[in-house]
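Given next are the chains, with one letter for each unit.
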Amino acid sequence: MKLLHLIATTRGEQSRTLSISKEFLHTLKEKHPHIEVDELDLSTIELPPVLDSTVKAKYLLMMGGELDDQGQKSWKEVSDLAEHFISYDLFLITAPMWNFSIPYTLKHYIDVIMQAGILFNFTANGPEGFAKYEQMVCITSRGSDYSPGSPMHQLDHQEPYLRAIFGFAGIEDIHFVHAQPLDMAPDLAQAALEKAKEEARQMVDKLTITAEV
Ligand SMILES: Cc1cc2nc3c(=O)[nH]c(=O)nc-3n(C[C@H](O)[C@H](O)[C@H](O)COP(=O)(O)O)c2cc1C
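Residues numbered from 1 in each chain as written. Predicted model: local features only at pLDDT ≥ 70, side-chain atom pairs only at ≥ 80, totals over all residues.

## With respect to the overall build of the protein chain
When helices and strands are counted, the protein chain shows six helices and seven strands. Helices and strands in the protein chain line up, N terminus first, as β-α-β-α-α-β-α-β-β-β-α-β-α. Taken over the C-alpha trace, the protein chain has a radius of gyration of 18 Å; the compact-globule value for 213 residues is 17 Å, and the two agree within 12%. Counting only C-alpha atoms and orienting by the principal axes, one finds that the protein chain spans roughly 60 × 40 × 35 Å. (Helix = DSSP H or I, 4+ residues; strand = E, 2+ residues; numbered from the N terminus. Rg over C-alpha atoms; globule rule 2.2 N^0.38 Å.)

Quick look at the structure:
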């Protein structure tokens, strides 16, 4: 099995979200050493801009048109990334909450890879995602607390969005670990971080990992 780790924090070694993901990965590798782990650090890789030529190519293909050289080049850049994504069995997303949702680097990646014909298709019965057998773990951290029942809960557009967009691609098996609140008081942050790290370690046992290499 192959896991793709999408890193959407810009803070490198200082990132608390990443420190939780490292616990998850450490336990995963300890229990399932055959899993191959690849990383995409979304703040350092250069993603193709979703601008004029990429968008034109997308619409042209939708209408059954033919791409010119520039269109083919633009389409290849996005389709290669979409094919790369769908080639994995398991995903780990490391994303702090930014403005109630996800950092723009992750949104940019999603805007690139969500391509009809590669991640999903429209059928007579509605949209159909192709990543039906894939699993995903999303590890997030937040400055405030958005737990169910808290006054901030309704402002959490991060978990619902990630569930919706990757659910659209077919991934229904999505698990979350949230560390919160991390920016209210140091003792609260410490306790929340330890709790999230423990949840992340235990998360490994919730996944279906096959022995296949
Ligand atoms: C640009 C930006 C926007 C943020 N927006 C929110 C927010 O909407 N809600 C929140 O609770 N925390 C917000 N935070 C705080 C981070 O989610 C929090 O500090 C998180 O733990 C940072 O994770 P990291 O250590 O992995 O970078 C924001 C931080 C930044 C830099």
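## Points about the nonpolar core
The tendency in soluble globular proteins is for nonpolar side chains to be buried as a group. Ranked by size, the top nonpolar core spans 43 residues in total, and within it Leu6, Ala8, Phe24, Phe91, Ile93 and Ile139 carry the most contacts. In this structure Leu6 touches Leu40, Leu42, Phe91, Ile93, Leu106 and Tyr109, once residues within four positions along its chain are discounted. (Core = buried A, V, L, I, M, F, W, Y, C linked by C-beta atoms within 7 Å. Buried ≥ 20, exposed ≤ 12 C-beta atoms within 10 Å, placed from the backbone. Contact = placed C-beta atoms within 7 Å.)

## Remarks on the pairing of strand β6 (residues 135-141)
Burial analysis of β6 places seven of its seven residues in the buried class, the great majority of the element. Of the two faces of β6, both are covered, the one formed by Gln135, Val137, Ile139 and Ser141 as well as the one formed by Met136, Cys138 and Thr140. Strand direction decides the pairing type here: strand β3 (residues 90-96) and β6, joined by seven bridges, are parallel. Paired with Leu90 across the two strands is Gln135, which belongs to β6. Bridge analysis of β6 against strand β7 (residues 173-179) gives seven bridges, and the strand direction is parallel. Bridge pairing links Val137 to His175 in β7. (Pairing = 2+ DSSP bridges.)

## Digging into the sheet that holds strand β1 (residues 2-7)
Taken in spatial order, the five strands of this open sheet run β2-β1-β3-β6-β7, and their pairing is parallel. With partners counted over all chains shown, the strands left at the sheet margins are β2 (36-41) and β7, one partner each. Here the average twist between neighbouring strands, direction ignored, is 15°. Where helix α5 (residues 158-168) meets the sheet, it contacts β3, β6 and β7, and its direction lies at approximately 160° from that of β7. (Axes fitted to C-alpha atoms, helices over the stretch in contact; angles between N-to-C directions.)

## Structural notes on unusual backbone geometry
Look at the link from Gln180 to Pro181: it is a cis peptide, with omega at -5°. In this fold, Pro181 is placed in the loop between β7 and α6 (186-203). Phi is positive for Asn99, which is not a glycine, with a value near 45°. According to the C-beta neighbour criterion, Asn99 is exposed, with 10 such atoms within 10 Å. If you check the backbone angles, Phe100 has positive phi at about 70° while not being a glycine.

## Quick notes on the pairing of β2
In this sheet, β2 lies alongside β1 in parallel orientation, the contact comprising six bridges. The residue of β2 that forms the bridge with Leu6 is Leu40. Where the polypeptide runs from β1 across helix α1 (residues 16-31) and back to β2, its parallel neighbour, the crossover connection is right-handed. (Right-handed = clockwise from strand over helix to strand, strands pointing away.)

## Observations concerning the packing of α1 against α6
Running from N to C, α1 and α6 point in directions that differ by 30°, and their axes come no closer than 8 Å. Taken together, the axis directions place α1 and α6 in an arrangement best described as roughly parallel. Crossing hand, α1 versus α6: right-handed. In this structure, α1 contributes Arg16, Ile20, Glu23, Phe24 and Thr27 to the contact, and α6 contributes Leu193, Ala196, Lys197, Ala200, Arg201 and Met203. Of the residues belonging to the contact of α1 with α6, the class tally is six nonpolar, one polar and four charged. (Parallel < 35°, antiparallel > 145°, perpendicular 65-115°, else oblique. Left-handed = near helix turned anticlockwise from the far one by under 90°. Nonpolar A, V, L, I, M, F, W, Y, C, P; charged D, E, K, R; others polar.)

## Focus: the environment of Glu83
Here Glu83 lies in helix α3 (residues 69-86). Note: C-alpha distance between Glu83 and Leu67 (16 residues apart in sequence) is 19 Å.

## Looking at the environment of Leu40
Structurally, Leu40 can be placed in strand β2. With 16 C-beta atoms packed within 10 Å, Leu40 lands in the partly exposed category. Not counting residues within four places of it along the chain, the set of residues in contact with Leu40 comprises Leu4, Leu6, Ile7 and Ile45.

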